[in-house]
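Observations on the three-dimensional arrangement
Here is how the chains run, residue by residue.
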Amino acid sequence: MKKNEAKASITFQEFLDKYPHDEACLEHLFTVRFGQGHVCPKCGQKAKWYRMQAERAYACGLCGHHLHPTAGTIFEDTRTPLKLWFYAFYLFTTSRHGVPAMELMRQLGVTYKTAWRMADLIRKHMAQIDDEWPLFGDVEVDETYVGGRTHGVRGRGAAKKTIVFGMMQRNGQVMTKVVPNVAKKTLQPIIEENVLNGTTVHSDELVSYKGLKKAGYNHKTVNHGAKEYVVGDTHVNGLENFWKHLKGSIRSTHIHVSKKHLHKYAKEFEYRFNRRENASAMLPELLSQFPKPQP
Ligand SMILES: [Zn+2]
């Protein structure tokens, strides 16, 4: 498939032009969070703000009050230069398979511990931005088992694996949740909470999905157990492809992801997948959506 040039992610040159050094990064954070003319929380005036030289702060030209553009963001208290953080974000938005901490360590020249923590915070930041809204139209639901050392153990119920439940609107968004089990009482409330009533829901024959009709959905199933994968337009191939990509990437890039952290990796892939048609918007979005600054 040929990608539209304008929708591709930004080039490294464009990145460098925009964020050449720490000062440009700090100014970017100030601009997207406050900006010139921002009403000073202390004197209540529309102020002109001046860059403080000694710290990562701006001062009100009228009363001298300080604003810290990194306060309340993942950059707060970091000793890692902002330009390295921004570059890490660039790598996360331009990679298809995720960025291993080891590669961040090498590329940024930071310790493994720092690299791991940066990657972890970037994933959490992505998860917090990825808005979830009700899915509708044709929605595929499916569950998959990820990770764990398999030693030939396969299929449902394989111990030590993490269960990820997914819902995908055809030609639309995907939503994932790590779940403790695939019981009906676990999965159906998640569907009812996130998929609009009346939607056509496609699933396999897992007994936990029985009852969706009663709950107000147009439920269509394929019988994977009987090697039946597509019946008319009924299939969960969209999700199967998403799982394949997620698992393949974790296997090749991260080797192993523990149960405790898997949901963050799933959210990272979800974030990129949901923006696949507009990849160049990812970096600007990630570098501008922060918690509201405290007054
Ligand atoms: Zn002021």
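Here the structure is shown first, and the text comes after it.
Residues numbered from 1 in each chain as written. Predicted model: local features only at pLDDT ≥ 70, side-chain atom pairs only at ≥ 80, totals over all residues. Heavy atoms only, no water.

1. Comments concerning the coordination of the zinc ion
Four donors placed tetrahedrally about a metal ideally form angles of 109.5 degrees, and six donors placed octahedrally ideally form angles of 90 or 180 degrees. Distances from the zinc ion to its protein donors, namely Cys40 (SG), Cys43 (SG), Cys60 (SG) and Cys63 (SG), fall within the range 2.3 to 2.4 Å. Between the four donor atoms coordinating the zinc ion, the angles at the centre fall across 106 to 115°, so the site counts as tetrahedral. (Donors = N, O, S within 2.8 Å, 3.2 Å for Na, K, Ca; no water. Tetrahedral: all angles 85-135°; square planar, octahedral: opposite > 155°, others 65-115°.)

2. Comments concerning the pattern of salt bridges
Under the definition given, this model contains eight salt bridges. The shortest N-O distance in the salt bridge between Glu23 and Arg51 comes to 2.6 Å. On the criterion of sequence distance, the pair formed by Glu23 in helix α2 (residues 22-33) and Arg51 in strand β1 (residues 49-51) is long-range, its members being 28 residues apart. Classification of Arg51 by relative accessible area gives partly exposed; the value is 24%. Linking Glu270 and Lys267 is a salt bridge whose minimum nitrogen-to-oxygen distance equals 3.1 Å. Of this pair, Glu270 and Lys267 are both found in helix α8 (residues 259-273), three residues apart, which corresponds to roughly one turn of the helix. Using a relative accessible area of 1% as the deciding quantity, one classes Glu270 as buried. A single network of salt bridges, built from pairs that share partners, joins Asp120, Lys124 and Lys264. (Salt bridge = Lys/Arg side-chain N within 4 Å of Asp/Glu carboxyl O. Helix = DSSP H or I, 4+ residues; strand = E, 2+ residues; numbered from the N terminus. Buried < 20%, exposed > 50% of the residue type's maximum accessible area, 1.4 Å probe, protein only.)

3. Details of the packing of helix α4 (residues 101-108) against helix α5 (residues 112-129)
Packing of α4 against α5 brings their axes to within 8 Å, and their N-to-C directions diverge by 115°. The two elements α4 and α5 cross, and the hand of that crossing is right-handed. Here Ala101, Met102, Leu104, Met105 and Leu108 of α4 come into contact with α5, specifically with Tyr112, Ala115, Trp116, Met118 and Ala119. Class assignment for the residues of the contact of α4 with α5 results in ten nonpolar, no polar and no charged. (Axes fitted to C-alpha atoms, helices over the stretch in contact; angles between N-to-C directions. Left-handed = near helix turned anticlockwise from the far one by under 90°. Contact = heavy atoms within 4.5 Å. Nonpolar A, V, L, I, M, F, W, Y, C, P; charged D, E, K, R; others polar.)

4. With respect to a nonpolar patch on the surface
A surface patch of nonpolar side chains, about 280 Å² in accessible area, is lined by Met102, Tyr112 and Trp116. The topology assignment puts Trp116 in helix α5. A relative accessible area of 31% means that Trp116 is categorised as partly exposed. (Patch = residues over 30% accessible without salt bridge, like charges linked within 9 Å, V, L, I, M, F, W, Y side chains within 5 Å. Areas by Shrake-Rupley, 256 points an atom, 1.4 Å probe, with all protein chains shown as cover.)

5. Focus: the pairing of strand β7 (residues 200-204)
Among the five residues of β7, five are classified as buried, and the element is accordingly described as predominantly covered. Here β7 shows no split at all, with Thr200, His202 and Asp204 on one side and Val201 and Ser203 on the other all buried. Summarising the sheet, strand β4 (residues 138-146) and β7 pair through three bridges and their orientation is parallel. Across the sheet, Val139 pairs through a bridge with Val201, a residue of β7. When β7 meets strand β8 (residues 218-222), the two strands line up parallel, connected through five bridges. Considered in β8, the bridge of Ser203 is made with Thr221. (Pairing = 2+ DSSP bridges.)

6. As for the side chain of His235
Here His235 lies in the loop between β8 and α7 (237-254). Relative accessible area serves as the criterion here: at 17%, His235 is assigned to the buried category. In this structure the side chain of His235 is engaged in a polar contact, spanning 3.0 Å, whose partner is the backbone nitrogen of Asn237. Contact partners of His235, with chain neighbours within four places excluded, come to Glu140, Arg170, His202, Val222, Tyr229 and Val230. (Polar contact = N/O pair within 3.5 Å; in protein donor to acceptor, adjacent residues only side chain to side chain.)

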